[in-house]
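Listed here are the chains, written in short residue letters.
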Amino acid sequence: MKKFDKERVLLAVAGPVIALAVAFVLSAIVLIASGKNPVEPFALMFEQAGFSDIQVLIVNQASMYYIAALAVAIGFRMNLFNIGVDGQYQLAAMMAAIVGVHANLPAVLQIPLLLLTAVLTGAFWSGIAGVLKITRGVSEVVATIMLNSIATAVIGYLWLPDVFGVKVGNNNTTGEMHDSGWVPGIDMGAAGEVYGLVILAVLLGIGYWVVLNRTRFGFDLRASGASETAAAASGVDPKRMVLTAMLISGGLAGLAGLPILLGDTHTYSLNFPTGIGFLGIGIALLGRNSPVGIAFAALLWAWLDKASPELDFHGYDKEIAVIMQGLIVLSVVVSYEAVREWGLRRQQRRVGAELAAGHVLGATDNTTKEVAGR
């Protein structure tokens, strides 16, 4: 491997490693300040990761985190901040659940119909922000945050009994979907079932890498994110790329809730997971928008979620995991900036050394020519 490639790998790995180390240290300080053992909670959570049933829960949760983070990463690649992934996936999951209740096709048609419904709903909801940005210059951050609130209101309306809602005790639901729309899981015996759509998450990660690194569209997307002016000079329409990126980001976001919807709950209710879209932001940051990095970050987040309940039985607050997640996000921002500055200084020193070497070589050549001329 070339020296330049080694440095790129070092810079790519240094940020996440530093962020995690700082987050663990700061979490330990929080535990010490509260009079707790700073090591035992982490030991307990690591111990939980060895149980097969917890491993299944971690993989299932990570599949949703992974898809949500990919949706965020698409926007990041274009220098767009799609903060509306949470509203997009919740609204998409509800629409898919409603279609799953009222349509009863063979499984070979029903499941693709539900996937398409989720993708189109998420893309439509994020597309609103995209249109506002390219036509009125509205920041996608502001637009998507507002659309999150509107999505919550729309969901509340659709839950009304005289619309699509079905009351089950005190719980608002959309009713149970027809079983032709259920996606069978991977049986792991006593450990439970891995969601069938975990495979979809893997395929999306592969597709994300191929599109960004092996297609003209991916190049245009990355070029537009790096410099709209330079991209426009090469013939790329920046407004079209903004809208396209928002549509793709929203479409991916729409799929984030389907692993649990089609693999477990089979209905959209008050108990449906929330906040996945916001967690996807931190996961995408920690994974540096890389499909492999995001996968590890998603597994880390899922481990913190699923292993932390054990802390309650040992006198520790499980919220230590939430604190860690927040500290990881803060540490990511700081460490990446530090690593970027370090990399920039190394590059400047290397270029300076090469220029100096070239100057010396040029001076030597001139001297040689003068001597030869005499």
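Residues numbered from 1 in each chain as written. Predicted model: local features only at pLDDT ≥ 70, side-chain atom pairs only at ≥ 80, totals over all residues. Heavy atoms only, no water.

The name an unreviewed UniProt entry assigns to the protein chain is ABC transporter permease, from the organism Streptomyces fumanus. According to UniProt, the comment filed for the protein chain under the heading Subcellular location (unreviewed entry) is "Cell membrane". (UniProt positions renumbered as here; feature names shortened; annotations may be inferred.)

Within the protein chain, the secondary structure is distributed over 14 helices and four strands. The proportion of buried residues among the 374 residues of the protein chain is 44%. In the protein chain, 76% of the contacts between residues at least 6 apart in sequence involve partners at least 24 apart. Accessible surface computed for the protein chain: about 18,600 Å², of which carbon and sulfur atoms make up 67%. (Helix = DSSP H or I, 4+ residues; strand = E, 2+ residues; numbered from the N terminus. Buried < 20%, exposed > 50% of the residue type's maximum accessible area, 1.4 Å probe, protein only. Contact = heavy atoms within 4.5 Å. Areas by Shrake-Rupley, 256 points an atom, 1.4 Å probe, with all protein chains shown as cover.)

Further remarks concern the pattern of salt bridges. The tally for this structure, following the rule as stated, stands at two salt bridges. Among the ionic pairs, E140 bridges to K133, the shortest N-O distance being 3.0 Å. Given the relative accessible area of 5%, E140 is considered buried. Two residues, D220 and R216, come together in a salt bridge whose shortest N-O distance is 2.8 Å. (Salt bridge = Lys/Arg side-chain N within 4 Å of Asp/Glu carboxyl O.)

With that out of the way, let us pick up the packing of helix α7 (residues 198–214) against helix α8 (residues 216–226). Between α7 and α8, the least distance of the axes is 5 Å, while the angle of their chain directions is 75°. By the angle between their directions, the pair α7 and α8 is classed as roughly perpendicular. Note on element contacts: α8 touches α7 through F217, G218, F219, L221 and R222, opposite V211, L212 and N213. Classifying every residue of the contact of α7 with α8 gives five nonpolar, two polar and one charged. (Axes fitted to C-alpha atoms, helices over the stretch in contact; angles between N-to-C directions. Parallel < 35°, antiparallel > 145°, perpendicular 65-115°, else oblique. Nonpolar A, V, L, I, M, F, W, Y, C, P; charged D, E, K, R; others polar.)

It is worth spelling out the packing of aromatic side chains at this point. All told, the structure shown has six aromatic pairs when counted by the stated rule. Here the aromatic rings of F76 and F81 are separated by 5.4 Å at their centres, their planes lie at 70°, and the arrangement is edge-to-face. Judged by centre distance (5.5 Å) and plane angle (35°), the ring pair of W159 and Y268 falls under tilted. Taken together, the positions of W159 in the loop between α6 (140–158) and β1 (166–168) and Y268 in the loop between α11 (258–265) and α12 (276–286) put the pair 109 residues apart, joining distant regions of the chain. Look at Y268 and you get buried, because its relative accessible area is 2%. (Phe/Tyr/Trp six-rings, centres within 6.5 Å; stacked < 30°, edge-to-face > 60°.)

As a further point, take the UniProt feature "transmembrane region" (unreviewed entry) in the protein chain. In the numbering used here, UniProt assigns the feature "transmembrane region" (unreviewed entry) to residues 9–34, 54–76, 88–105, 111–132, 141–160, 194–212, 242–262 and 320–339. Secondary structure over residues 111–132 splits into 100% helix and 0% strand, and the C-alpha atoms at its two ends are 32 Å apart. Each end of residues 242–262 is marked by a C-alpha atom, and these two atoms are 31 Å apart; helix forms 86% of the span and strand 0%.

Let us now look at a nonpolar patch on the surface. Taken together, the side chains of I186, M188, I199, V202, L203, I206, W209 and V210 present a nonpolar region at the surface, about 720 Å² in accessible area. Counting residues per element, the nonpolar patch draws most heavily on α7, which supplies six residues. (Patch = residues over 30% accessible without salt bridge, like charges linked within 9 Å, V, L, I, M, F, W, Y side chains within 5 Å.)

With that settled, consider the environment of G192. Mapped onto the elements of the fold, G192 is located in the loop between β3 (186–187) and β4 (193–194). Classification of G192 as partly exposed rests on a relative accessible area of 24%. Residues G192 and V56 lie 136 residues apart in sequence; the distance between their C-alpha atoms is 6.8 Å. With residues near it in sequence (within four places) discarded, G192 still touches V56, I186 and D187.

We now examine the nonpolar core. Across soluble globular proteins, nonpolar side chains show a tendency to be buried alongside one another. Membership of the largest hydrophobic core comes to 97 residues, with the highest contact counts inside it found for L258, L261, L262, Y268, I283, L286 and I328. Broken down by element, this core gets its largest block of residues, 16 residues, from helix α3 (residues 52–77). Composition of this core by domain shows at least three residues from each of domain 1 (1–36 + 322–357) and domain 2 (57–315). In this structure I283 touches Y65, A69, I294, A297, A298 and W301, once residues within four positions along its chain are discounted. (Core = buried A, V, L, I, M, F, W, Y, C linked by side-chain atoms within 4.5 Å. Domains from an automatic or database assignment.)

The next thing to look at is the environment of P291. Following the sequence through the fold, P291 ends up in helix α13 (residues 291–307). Put simply, P291 and G207 are 84 residues apart on the chain and 9.5 Å apart in space, counted from C-alpha to C-alpha. Leaving out residues up to four positions away in the same chain, P291 has contacts with Y66, G205, Y208 and W209.

To continue, consider unusual backbone geometry. One non-glycine residue with positive phi stands out, namely R288, at about 55°. Tracing the backbone shows R288 in the loop between α12 and α13. A relative accessible area of 37% means that R288 is categorised as partly exposed. You will see that N289, though not glycine, has its phi angle at about 60°, which is positive. Mapped onto the secondary structure, N289 falls in the loop between α12 and α13.

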